[in-house]
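A closer look at the structure
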Amino acid sequence: MPDLGNPRLVVPETVDDPPVVRLIGGSVSPDPVAEDDHLAVFVGSADSYHARRTPVAGRYERWGTELRFVPAFGFVAGQDYVVRVRGAAGSHRLTALRLRSEVSAPPAVVTAVYPSGDVVPENVLRFYVHFSVPMTPHLASQFVTLRTASGVADHATFMRFKQELWSADRTRLTVLVDPGRIKRGVATNLDLGPAFTEGDQYVLAVDGGWPSADGSSQLQAFSTRIRAGAPLREQPDVRRWRWWPPRPGTRTMLEISFDRPFDRHSLNGAIHMTASDGTVIAGTPTVPSSETSWSFTPDEPWPAGEVYVSVSDALEDVAGNSLRELLDQPPGSSTSSTAR
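Residues numbered from 1 in each chain as written. Predicted model: local features only at pLDDT ≥ 70, side-chain atom pairs only at ≥ 80, totals over all residues. Heavy atoms only, no water.

A look at the pairing of strand β18 (residues 254–257)
Only one face of β18 is buried: it carries Leu254 and Ile256, and the other face, with Glu255 and Ser257, is open. Bridging between strand β17 (residues 242–244) and β18 involves three bridges; their strand directions are antiparallel. If you follow Trp243 over to β18, its bridge partner there is Ile256. Relative to strand β21 (residues 293–298), β18 runs antiparallel, the two sharing four bridges. Residue pairing for β21: Leu254 is matched across the bridge by Phe296. (Buried < 20%, exposed > 50% of the residue type's maximum accessible area, 1.4 Å probe, protein only. Helix = DSSP H or I, 4+ residues; strand = E, 2+ residues; numbered from the N terminus. Pairing = 2+ DSSP bridges.)

Here it is, written out as structure tokens:
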């Protein structure tokens, strides 16, 4: 590796500054493979840094003797980062980075949880927890808990990951139920039993005190009561859906009623409308509460002739069953993904 000499590191100070980390001076290798070896940014404090941690995704740019790193999703105010700059003979130095915000952030609260219905199948696969502001990562297992109606916590319900399943802006957390508690006949299910049992009541709790990413507020405690219903053990089938087709020449809403609740975020982009000539029909889809129906309002009046509703076979219900296969059984035969 070329000797970087003693380059100067320049980092942004607020979220209003350009999200660029600059390494100025020294000898920067032209080899793109070595870029993240010279300069890399990691989520977390310098105390928590270790060489095997995955760096923040982004792109590198060169400006003469200057190497720049631009994060793919920007930086989050209040989030701790550490910048690693490597020098000669494999040495490196770590620099802490935390951007402040010039605008006061709203308080941290849970704004939504999906599935949003009061009843979920006993083999429900995942929950989505939405927050009003970006949250500090690597704390979900400390704050998100499933409890019985009597208040007993089941700490083995949810999967624990080194890299939690956050959206890019860190306002949506995906909480995955351990598949071993869902699939029948596997060791975890036999040892601990299913996470949910049909007919029983549960509380999904997000405890208070979870700090927001910018450190300006702590989460207000949140909980929602749910009841476990019958499991979903069959593949979704579009032939069981009910349809309310609109009249041509109007902008009346097309409505579809499902035979089961579907995964809220799997529904995004899973259903498309096309005219008989193959033209995609632009419009606004809507997913009402409980995720058991879907509607679509076209931007322009519906065309005359046949309209095709195309459904991706990757669409999953809330138990993780797609139009292609069941979660806890060998994949079945393919299911048609187009309805008319």
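Further notes follow.
Remarks on the side chain of Arg264
With respect to the element layout, Arg264 can be found in the loop between β18 and β19 (271–275). The buried charged residue Arg264 lacks any salt bridge partner; its closest oppositely charged side chain belongs to Glu291, at an N-O distance of 5.0 Å. A polar contact is formed between the side chain of Arg264 and the side chain of Asn268, at a distance of 3.2 Å. Beyond its immediate chain neighbours, meaning those up to four positions away, Arg264 contacts Tyr114, Tyr128, Val287 and Glu291. (Lys, Arg positive; Asp, Glu negative; His and termini not counted. Salt bridge = Lys/Arg side-chain N within 4 Å of Asp/Glu carboxyl O. Polar contact = N/O pair within 3.5 Å; in protein donor to acceptor, adjacent residues only side chain to side chain. Contact = heavy atoms within 4.5 Å.)

Concerning the side chain of Ser295
Examined against the element boundaries, Ser295 turns out to sit in strand β21. Ser295 gets classed as buried once you look at its relative accessible area, which sits at 6%. Among all residues touching Ser295, those that are not within four sequence positions of it are Met253, Leu254, Glu255, Thr284, Pro285 and Thr286.

Structural notes on the packing of aromatic side chains
The full count for this structure, using the stated rule, is 15 aromatic pairs. Ring plane angle 85° and centroid distance 6.3 Å describe the contact between Phe127 and Phe158, whose orientation is recorded as edge-to-face. Here the residue Phe127 occupies a position in strand β10 (residues 126–131), and Phe158 occupies one in the loop between β12 (153–154) and β13 (165–166), the gap between them amounting to 31 residues. For the residue pair Phe127 and Phe158, the accessibility class agrees, reading buried in each case. Ring pairs connect the aromatic residues Phe127, Phe158, Phe196 and Tyr202, which therefore count as one cluster. Seen from the ring of Trp63, Arg68 lies directly overhead, with NZ or CZ sitting 4.5 Å from the centre. In this structure, Arg264 packs its charged tip against the face of Tyr114, placed 5.6 Å from the ring centre. (Phe/Tyr/Trp six-rings, centres within 6.5 Å; stacked < 30°, edge-to-face > 60°. Lys NZ or Arg CZ within 6 Å of the ring centre and 35° of its normal.)

Concerning the pairing of β19
Of all five residues making up β19, four are buried, and the element is well covered by its neighbours. Of the pairings in the sheet, the one linking β19 to strand β22 (residues 307–311) comprises five bridges and is antiparallel in character. Its bridge partner being in β22, Ala275 is matched across the sheet by Val307.

Let's talk about empty space enclosed by the protein
Overall, the coordinates contain one cavity of 30 Å³ or more when judged by the stated rule. Taken as a whole, the largest cavity holds about 30 Å³ of empty space. Considering the residues around the largest cavity, the lining is formed by Asn123, Ile182, Leu232, Arg233, Ala319, Asn321, Leu327 and Asp328. (1 Å grid on protein atoms, 1.4 Å probe; cavity = no way out; pocket = protein on both sides within 12 Å on 5 of 7 lines; lining within 4 Å. Points joined across faces, edges and corners; volume = space filled by probe spheres on them.)

What about the environment of Ser141?
Mapping Ser141 onto the fold places it in helix α2 (residues 140–143). Residues Ser141 and Val175, spaced 34 residues apart in sequence, show a C-alpha to C-alpha distance of 9.4 Å. Sequence-distant contacts of Ser141, defined by excluding residues within four places in its chain, comprise Arg160 and Glu164.

Some points on the sheet that holds β12
The five strands are arranged β9-β16-β15-β11-β12 in an open sheet whose pairing can be described as mixed. Edge strands, defined here as strands with exactly one partner in the open sheet, are β9 (119–121) and β12.

Some points on the layout of surface pockets
In this structure, the largest pocket occupies an estimated 500 Å³ of space. In this structure, the largest pocket is lined by 21 residues; those nearest its centre are Val43, Val56, Ala57, Gln163 and Arg170. The class makeup of the residues in the lining of the largest pocket is 13 nonpolar, five polar and three charged. Within this model, the second largest pocket holds a volume of roughly 290 Å³. Only α2, β11 (144–148) and β14 (172–176) provide two or more residues apiece to the lining of the second largest pocket. (Nonpolar A, V, L, I, M, F, W, Y, C, P; charged D, E, K, R; others polar.)

Considerations on the sheet that holds strand β20 (residues 283–286)
Strand pairing in a sheet relies on backbone hydrogen bonds, with the paired strands running either antiparallel or parallel. In spatial order, the strands read β17-β18-β21-β20; together these four strands make up an open sheet with antiparallel pairing. Only two strands of the sheet have a single neighbouring strand rather than two, namely β17 and β20. This sheet shows a mean twist of 15° between the axes of neighbouring strands, independent of strand direction. The pairing of β20 with β21 spans four bridges and is classified as antiparallel. Bridging across to β21, Pro285 finds its partner in Phe296. (Axes fitted to C-alpha atoms, helices over the stretch in contact; angles between N-to-C directions.)

A short note on the pattern of salt bridges
The full count for this structure, using the stated rule, is 14 salt bridges. A salt bridge links Arg147 to Asp207; the shortest N-O distance between them is 3.3 Å. You can see Arg147 sitting in strand β11 and its partner Asp207 sitting in the loop between β15 (201–206) and β16 (222–229), a full 60 residues away along the chain. Given the relative accessible area of 23%, Arg147 is considered partly exposed. On the basis of relative accessible area, Asp207 is assigned to the partly exposed category, the value being 24%. One salt-bridge network, in which partners are shared between bridges, spans Arg22, Glu66 and Arg68.

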